[in-house]
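# Understanding the architecture of this molecule
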Amino acid sequence: MQVLKMELQGFKSFADRTTLTFAHGITAIVGPNGSGKSNISDAVRWVMGEQNVRHLRGQKSEDIIFAGTEKRRPQGAAEVSLYFDNSQHELDVDFTEVVITRRIFRSGESEFFINKRPCRLKDIHLLFADTGIGQDSMAVISQNRVDAILNSKPEERRLIFEEAAGISRYKSRKQEGLRKIAETEHNLERIHDMMGVLEEQLVPLKAQAERLTAFRALDSERISYAGTLALQELRNAERLLSKAENNRIAATGEYRALSRQTEATEAAKKELLAVMEQESADLRRLDEETLTVHNELDSMKSRQEAFVTRQEELLRSHVQLQEEEAETKKKQAHIQAQQGQSVHDLAQRQAACEAARQGFNLTQSVLAKAEEKVSRMQAALSQVQAENTEKA
Ligand code: ATP
């Protein structure tokens, strides 16, 4: 069976995705020490299902994931795919090309695929069992395993040879067959035991079966009577139903008539309600008007009281005025009397005044004559004085 190619990514020193194509005639991979040749055979062993990481020259499963270099960061997962030419159908699947893939993450989670479909590790072991390239086959032998095989115990070596000879598949099938025979024998024993128990139970069961037959005959009779009864009940029920239907039709008629009445009553009720609402509004308005009239009445009452009080005051004032009038009249009479006296006095005084005026006028003319005389005398004096001055 031809290995066609291998793809590696993140596996040990293969950080980048690397594809190795195995064309016909390739027999060796050469390279300097430490360049990664053994990592390729490790990858083959690993993808074929190697479980022991020490066989891949590691300590823990994480060691097979690219650990990084000074210039590159470590990878989070490693993945290897191995492609086989299955055109001869050496592998028990319908594909002409088979690819098995294994992937591992740093978390330890591991995945297997056959032709890109997830599968179990066991499926890969079964696929390659007895093909000569199984997990423990001699097809891939690492440097340090040559010594280990040569130094192994005879029975361990026998297992390796059996695998290489392709008989381990038949051995495991034989073991599986033997296991199934043992299991079947065990089941047979159990069936025998159960048959013994069942035979013991058979006698009472027979009696039970007879009782059951009698019961079934009676039961079918009962069912037939029950059928007749049910038919009778059905007819009664049909009669009742038709009666009920008539009642329903009559009730529907009554219901409709009542509905119409109810509608008419509802309409009348609505009208009455409208009237009541109108009357309520009128009543409220009347109440408001009555309140206004009451208020006005109260106001008029208080005005009337004020008026009465004022009238009483005016009456008192009137009486007082009458008294004052009488008093005034008395005073008027007295004044009139005094006025008569005054008129008389005035006439007397006027006469006296007239006499005084005449006396005054007379005095004035005397005075004017005297003044004239004085001025004549003054002129004569002035003349005398002037003559005296001339004489001197
Ligand atoms: P030799 O001829 O000595 O056997 P070789 O060519 O077979 O060497 P390998 O042993 O396959 O080489 O590869 C060793 C190289 O792989 C070393 O350089 C090592 O640093 C590198 N290597 C191994 N594991 C990892 C890892 N997890 N991450 C990065 N590099 C790794």
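Each value, and the rule that gives it
- Residues numbered from 1 in each chain as written.
- Predicted model: local features only at pLDDT ≥ 70, side-chain atom pairs only at ≥ 80, totals over all residues.
- Heavy atoms only, no water.
- Helix = DSSP H or I, 4+ residues; strand = E, 2+ residues; numbered from the N terminus.
- Rg over C-alpha atoms; globule rule 2.2 N^0.38 Å.
- Buried < 20%, exposed > 50% of the residue type's maximum accessible area, 1.4 Å probe, protein only.
- Near = heavy atom within 4 Å.
- Polar contact = N/O pair within 3.5 Å; in protein donor to acceptor, adjacent residues only side chain to side chain.
- Nonpolar A, V, L, I, M, F, W, Y, C, P; charged D, E, K, R; others polar.
- Pairing = 2+ DSSP bridges.
- Axes fitted to C-alpha atoms, helices over the stretch in contact; angles between N-to-C directions.
- Contact = heavy atoms within 4.5 Å.
- Domains from an automatic or database assignment.
- Phe/Tyr/Trp six-rings, centres within 6.5 Å; stacked < 30°, edge-to-face > 60°.
- Salt bridge = Lys/Arg side-chain N within 4 Å of Asp/Glu carboxyl O.

Attention now moves to the overall build of the chain. The helix and strand tally for the chain stands at five helices and six strands. Secondary structure elements of the chain occur, N-terminal to C-terminal, as β-β-α-β-β-β-β-α-α-α-α. Its C-alpha atoms give the chain a radius of gyration of 78 Å, more than 25% over the compact-globule value 21 Å for 392 residues. In terms of overall dimensions, the chain has a C-alpha envelope of 215 × 120 × 40 Å along the principal axes. Here the chain holds 392 residues, and the buried ones make up 16% of them.

A separate point is the site of the ligand. Among the 16 residues in the neighbourhood of the ligand, the closest are listed as Gly34, Ser38, Asn39, Asp63 and Ala67. Ser35 is positioned such that a nitrogen or oxygen atom in its backbone is 3.1 Å from an oxygen atom of the ligand. The biggest single contributor to the shell around the ligand is helix H1 (residues 37–47), with three residues. Looking at the shell around the ligand residue by residue, the classes come out as four nonpolar, eight polar and four charged.

Right, let's get into unusual backbone geometry. In this structure, Lys12 takes a positive phi of about 45° despite not being glycine. Among the secondary structure elements, Lys12 is positioned in the loop between strand S1 (3–9) and strand S2 (18–21). Lys12 sits in the buried class, given a relative accessible area of 13%.

Attention now moves to the sheet that holds strand S4 (residues 97–105). Taken in spatial order, the six strands make up an open sheet running S2-S1-S3-S4-S5-S6, and their pairing is antiparallel. Single-partner strands in this sheet number two, and they are S2 and strand S6 (117–119). For this sheet the average axis-to-axis angle between neighbouring strands, irrespective of direction, equals 20°. Here S1 runs beside S2; their pairing, made up of four bridges, is antiparallel. Pairing of Lys5 across the sheet is with Thr21, part of S2. This element, H1, spans S1, S2, strand S3 (77–85) and S4 of the sheet and lies at about 80° to S3.

In this sheet, S3 lies alongside S1 in antiparallel orientation, the contact comprising six bridges. The partner of Leu8 across the bridge, within S3, is Val80.

Before going further, it helps to spend a moment on H1. Each α-helix winds once per 3.6 residues, and so residues spaced three or four apart point in a common direction. Burial runs high along H1: nine of the 11 residues are buried. Among all positions in H1, only Ser38, Asn39, Ile40, Asp42, Ala43, Val44, Arg45, Trp46 and Val47 are buried. Gly49 sits one or two residues past H1 and shows a positive phi near 115°.

This brings us to the domain arrangement of the chain. Domain annotation of the chain identifies domain 1 (2–166) and domain 2 (270–391). The centre of domain 1, based on its C-alpha atoms, is set 150 Å off from the matching centre of domain 2.

The full count for this structure, using the stated rule, is two aromatic pairs. Measuring from centroid to centroid gives 5.4 Å for Phe11 and Trp46, while their planes differ by 40°, and the two rings are tilted. Taken together, the residues Phe11 in the loop between S1 and S2 and Trp46 in helix H1 connect sequence positions 35 residues apart. The buried category is assigned to Phe11, whose relative accessible area is 0%. By relative accessible area, Trp46 is classed as buried at 2%. When the ring of Phe84 is compared with that of Phe128, the centres are 5.0 Å apart and the planes differ by 50°; the resulting orientation is tilted.

Now for the side chain of Glu7. As for its position among the elements, Glu7 is in strand S1. Of the polar contacts made by the side chain of Glu7, one reaches the side chain of Tyr83; its length is 3.4 Å. Beyond its immediate stretch of four places on either side in the chain, Glu7 contacts Arg17, Thr18, Thr19, Glu79, Val80, Ser81 and Tyr83.

A few words now on the pattern of salt bridges. Scanning the model with the defined rule gives 20 salt bridges in all. As a salt-bridge pair, Arg17 and Glu7 come within 3.4 Å of each other at their nearest N and O atoms. Pair noted here: Arg17 is in the loop between S1 and S2 and Glu7 is in strand S1, with a separation of 10 residues, a long-range link. With a shortest N-O distance of 2.9 Å, Lys12 and Asp42 are connected by a salt bridge.

Turning to the environment of Val47, a few remarks are in order. Summarising the element assignment, Val47 is placed in helix H1. Classification of Val47 as buried rests on a relative accessible area of 0%. A sequence separation of 53 residues divides Val47 from Ile100, and the C-alpha atoms of the two residues are 7.1 Å apart. Once you skip the residues sitting within four places of it in the chain, Val47 turns out to touch Val80, Leu82, Ile100, Thr101, Arg102 and Ile124.

Consecutive side chains of a regular strand alternate in pointing toward one face of the sheet and then the other. Of the pairings in the sheet, the one linking S3 to S4 comprises nine bridges and is antiparallel in character. By the bridge assignment, Asp85 is partnered in S4 with Glu97.

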